[in-house]
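# Descriptive analysis of the structure
The residues making up each chain are set out below.
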Amino acid sequence: MSLHKISSALISVFDKTGLEPIVKEMHRLGIVIYSTGGTQEFIEALGIPVVAVEEMTGYPSILGGRVKTLHPKVFGGILYRRDLAEDLSQISEYAIPSIDCVVVDLYPFEKTVASGASHDAIIEKIDIGGISLIRAAAKNYKHTIIVPSMGQYALLESILREKDGVSSEEERKMFARHAFDVSSHYDSRIYQYFLGEETGSLKVSEQQHQVLRYGENPHQQGVFYGDLDALFEKLNGKELSYNNLLDVDAAISMINEFTDKPTFAILKHNNACGIATRDTILEAYEAALACDPVSAFGGVLISNTVIDHATCIKIHDLFCEVVIAPDFDPQGLAVLNTKANRIILKRKHTTFSKVQVRTLLNGFIFQDKDTKTEEIADFKLATQKEATAQQLSDLVFANKVVKHTKSNTIVLVKNGQLCASGTGQTSRVDALRQAIDKAQSFGFDLNGSVMASDAFFPFPDCVEIADNAGISAVVQPGGSIKDQLSVSYCDEHNMAMYMTGIRHFKH
């Protein structure tokens, strides 16, 4: 395996953090350092000799710093093949100095966009020279080391300190892999900025990742791409699994619908098996648990407000995988933490993507997230009978839950509490019957309860079954050519029905 010792290096970085020990090690080894602009000034301030790029090329930095390193003497010194006679001859002919190592930290384009800067300021943070240096040095990895970001500083420092600047081809190839990761991610973010809200090529780039214990099942591999630390402070427990992450995502999407009063939800396999709104979070938890205490075993629990001491004590009696809240009572948290594997997540304030991407067939499918949430003002009365104030509140509650439940689905609610849901059925009638059977098995009195459906009723059979179970009010999207059949049944049997015009399929 080919070994190369660094004899010269070009350093051009935006952020100087962590650069000092590298420069000092290079100086110790007698490595010639080339630089320009602010990086050159930083190195000179350390009392370390540095050759200005302008001195090497014979050209000054021009166009307000837009052109500094873009010169044949720079790129020739990086790209020439040390084992090719023709390249060596040209290097000698044009007096091009060798550059064995390139250290770059790109202009912070992503951070500039995130800061809300002006368009002109964002454009000025599109790095040209740096990205070109990265690609050139990475292409010639057999002879050149490329350090494309601060993330690789420690690797370079180790080679300088422990190996006196001698690297193997395998190490240089590793640096090159990092380089193309950095450059492709950088270009993807620029493309996404220019694309804006339009539809174009799909480019998904996420550099942070976490290898999971396994995927959906133990025989499948799993990796999460993203920054969980930006979402949560992990206060206790084992690492999140693939299935945990799916449930956590579903739980957050569900609880984000409820902001007015203390609400607690328990999820299993991405569906709510319990959710309730009450005056206190303890009452909300107890009501949510009462929805289906069997399915709650091993579930994911989430609150929209601080979980107090009393509620923590109650939760501790239940075996659950994950508990999520904006915060926890300190003494109560200490109790929850006595279960070493129980995952406790404290939410942080953050924003989520407004789009969804899934693999499908031999490609990807992309859509906007379902961010539409109907309130009472969006309900259109379709029947002669109106719902009571409590029933209207329950209809809104049920419609929020139905939006986050697997289709086909029917959700039954009474007094701010999920009674039951029929989930993932191939027939809406089956979903309703499943919900009724389940609610009755846990002792719920459905008289005066309400029903929400994720899609329209093509026939009046569902409202008839609901009526026979004691359900008094219904909300559904409407849109069937036979809507009137269901409306007429409700009118004839003193039921209230509202239509929203919005379907909430979830597959």
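Structure: above.
Quick look at the structure, then.

What follows is about unusual backbone geometry. Residue serine 407 is joined to asparagine 408 through a cis peptide bond whose omega torsion reads -15 degrees. Along the chain, asparagine 408 falls in the loop between α15 (389-403) and β19 (410-413). Phi is positive for histidine 269, which is not a glycine, with a value near 50 degrees. With respect to the helices, strands and loops of the structure, histidine 269 is situated in the loop between β11 (263-268) and β12 (271-277). Although it is not a glycine, asparagine 270 sits at a positive phi angle of roughly 75 degrees. Structurally, asparagine 270 can be placed in the loop between β11 and β12.

Moving on: empty space enclosed by the protein. Within the structure shown, the criterion is met by one cavity of 30 Å³ or more. Put simply, the largest cavity is a space of about 40 Å³. As for the largest cavity, its lining consists of Ala272, Cys273, Cys291, Asp292, Leu418, Cys419, Ala420, Ser421 and Lys438. Elements supplying a minimum of two residues to the lining of the largest cavity: β12 and β20 (418-422). Broken down by element, the residue count for the lining of the largest cavity peaks at four residues, all from β20. Across the lining of the largest cavity, the residue classes break down as six nonpolar, one polar and two charged.

It is at 12 Å that the axes of helix α9 (residues 153-163) and helix α10 (residues 169-195) come closest, and there the two elements cross at 160 degrees. It follows that α9 is roughly antiparallel to α10 by the angle criterion. Judged by the sense of rotation from one axis to the other, the crossing of α9 with α10 is left-handed. Judged by residue contacts, Leu155, Leu156, Ile159 and Lys163 of α9 engage Glu171, Met174, Phe175 and His178 from α10. For the contact of α9 with α10, a count of residues per class yields five nonpolar, one polar and two charged.

We now examine the sheet that holds strand β13 (residues 299-303). Strands sit in the order β10-β15-β14-β13-β11-β12 across an open sheet of six strands; the sheet is mixed. The sheet is open, and its two edges are formed by β10 (232-236) and β12, each paired on a single side. Each strand of the sheet is rotated relative to its neighbour by a mean of 20 degrees, with strand direction disregarded. Across four bridges, the pairing between strand β14 (residues 320-325) and strand β15 (residues 343-347) is parallel. Within β15, the residue paired with valine 323 across the bridge is isoleucine 344. Of the strands in this sheet, β10, β11, β12, β13, β14 and β15 touch helix α11 (residues 242-255), which is tilted by about 30 degrees from β13.

Turning our eyes to something else, we now look at the side chain of threonine 263. Take threonine 263: it is sitting in strand β11. A polar contact is formed between the side chain of threonine 263 and the backbone oxygen of lysine 261, at a distance of 3.0 Å. Among residues more than four places away in sequence, those in contact with threonine 263 are Ile255, Phe258, Ile275, Ala276, Thr277, Ile281, Ala284, Ile302, Ser303 and Asn304.

With that settled, the discussion passes to the packing of helix α17 (residues 461-468) against helix α18 (residues 483-492). Where α17 meets α18, the closest approach of the two axes is 8 Å, and the angle between their N-to-C directions is 25 degrees. In this view, α17 runs roughly parallel relative to α18, as classed from their interaxial angle. With respect to the hand of their crossing, α17 and α18 are arranged in right-handed fashion. Packed against α17, whose contacting residues are Val463, Glu464, Asp467 and Asn468, the element α18 presents Ser486, Tyr489 and Cys490 at the interface.

Further remarks concern the layout of surface pockets. Each pocket or cavity is described by its volume, and for the second largest pocket that value is around 550 Å³. Asp105, Leu106, Glu110, Ser149 and Gln207 are, among the 20 residues lining the second largest pocket, the residues nearest its centre. Taken together, the elements giving at least two residues each to the lining of the second largest pocket come down to α6 (109-114) and α10. Of the residues forming the lining of the second largest pocket, the biggest block, five residues, is contributed by α10. By residue class, the composition of the lining of the second largest pocket is nine nonpolar, six polar and five charged.

A separate point is helix α16 (residues 428-441). Given 3.6 residues to a turn, an α-helix orients residues that are three or four positions apart in the same direction. With 14 residues, α16 extends 20 Å from end C-alpha to end C-alpha; this agrees with the ideal 20 Å at 1.5 Å per step. In this fold, the buried residues of α16 make contact with β19, β20, β21 (450-453) and α17. Capping the start of α16 is the job of one residue whose side-chain oxygen sits 3.1 Å from the backbone nitrogen of valine 429: serine 427. Within two residues after α16, glycine 443 carries a phi angle of roughly 80 degrees, on the positive side.

In a regular helix each residue adds 1.5 Å, so 27 residues correspond to 39 Å; α10 covers 38 Å between its end C-alpha atoms and thus fits that length. Glycine 196 occupies a position one or two residues after α10 and carries a positive phi of about 60 degrees.

Quick look at a nonpolar patch on the surface now. Nonpolar side chains collect at one region of the surface, where Leu202, Val204, Val355, Val357, Phe364 and Phe366 lie side by side and expose about 570 Å² of accessible area between them. Those elements that place two or more of their residues in the nonpolar patch are β16 (355-360) and β17 (363-368). With respect to the helices, strands and loops of the structure, leucine 202 is situated in the loop between α10 and β8 (209-211).

The next thing to look at is the sheet that holds strand β5 (residues 101-105). Strand pairing in a sheet takes place through backbone hydrogen bonds and is either antiparallel or parallel in direction. Spatially, five strands are ordered β4-β3-β2-β5-β6 in an open sheet, and the strand pairing comes out parallel. Pairing within the sheet leaves two strands with one partner each, and these edge strands are β4 (51-52) and β6 (145-147). Here two bridges tie strand β3 (residues 32-35) to β4, and the two strands are oriented parallel to one another. If you follow serine 35 over to β4, its bridge partner there is alanine 52.

Moving on: the packing of aromatic side chains. Summed over the entire model, instances satisfying the criterion amount to eight aromatic pairs. When the ring of phenylalanine 264 is compared with that of tyrosine 285, the centres are 5.0 Å apart and the planes differ by 70 degrees; the resulting orientation is edge-to-face. Taken as a pair, phenylalanine 264 in strand β11 and tyrosine 285 in helix α12 (residues 281-291) lie far apart in primary sequence, 21 residues in all. Grouping residues by exposure puts phenylalanine 264 and tyrosine 285 together as buried. Aromatic pair phenylalanine 297 and phenylalanine 319: ring centres 4.9 Å apart, planes at 40 degrees, arrangement tilted. You can see phenylalanine 297 sitting in the loop between α12 and β13 and its partner phenylalanine 319 sitting in the loop between α13 (309-316) and β14, a full 22 residues away along the chain. One aromatic cluster is present, formed by Phe109, Tyr186, Tyr193 and Phe194 through successive ring pairs. For lysine 203, the ring lying beneath its charged end belongs to tyrosine 191, and the centroid distance is 5.3 Å. In this structure, lysine 400 is placed above the aromatic ring of phenylalanine 258, and the distance from its NZ or CZ to the ring centre is 5.2 Å.

The rules behind the values
- Residues numbered from 1 in each chain as written.
- Predicted model: local features only at pLDDT ≥ 70, side-chain atom pairs only at ≥ 80, totals over all residues.
- Heavy atoms only, no water.
- Helix = DSSP H or I, 4+ residues; strand = E, 2+ residues; numbered from the N terminus.
- 1 Å grid on protein atoms, 1.4 Å probe; cavity = no way out; pocket = protein on both sides within 12 Å on 5 of 7 lines; lining within 4 Å.
- Points joined across faces, edges and corners; volume = space filled by probe spheres on them.
- Nonpolar A, V, L, I, M, F, W, Y, C, P; charged D, E, K, R; others polar.
- Axes fitted to C-alpha atoms, helices over the stretch in contact; angles between N-to-C directions.
- Parallel < 35°, antiparallel > 145°, perpendicular 65-115°, else oblique.
- Left-handed = near helix turned anticlockwise from the far one by under 90°.
- Contact = heavy atoms within 4.5 Å.
- Pairing = 2+ DSSP bridges.
- Polar contact = N/O pair within 3.5 Å; in protein donor to acceptor, adjacent residues only side chain to side chain.
- Expected span 1.5 Å × (residues − 1).
- Patch = residues over 30% accessible without salt bridge, like charges linked within 9 Å, V, L, I, M, F, W, Y side chains within 5 Å.
- Areas by Shrake-Rupley, 256 points an atom, 1.4 Å probe, with all protein chains shown as cover.
- Salt bridge = Lys/Arg side-chain N within 4 Å of Asp/Glu carboxyl O.
- Phe/Tyr/Trp six-rings, centres within 6.5 Å; stacked < 30°, edge-to-face > 60°.
- Buried < 20%, exposed > 50% of the residue type's maximum accessible area, 1.4 Å probe, protein only.
- Lys NZ or Arg CZ within 6 Å of the ring centre and 35° of its normal.

Everything listed here is a matter of coordinates, which is why it stays silent on function.
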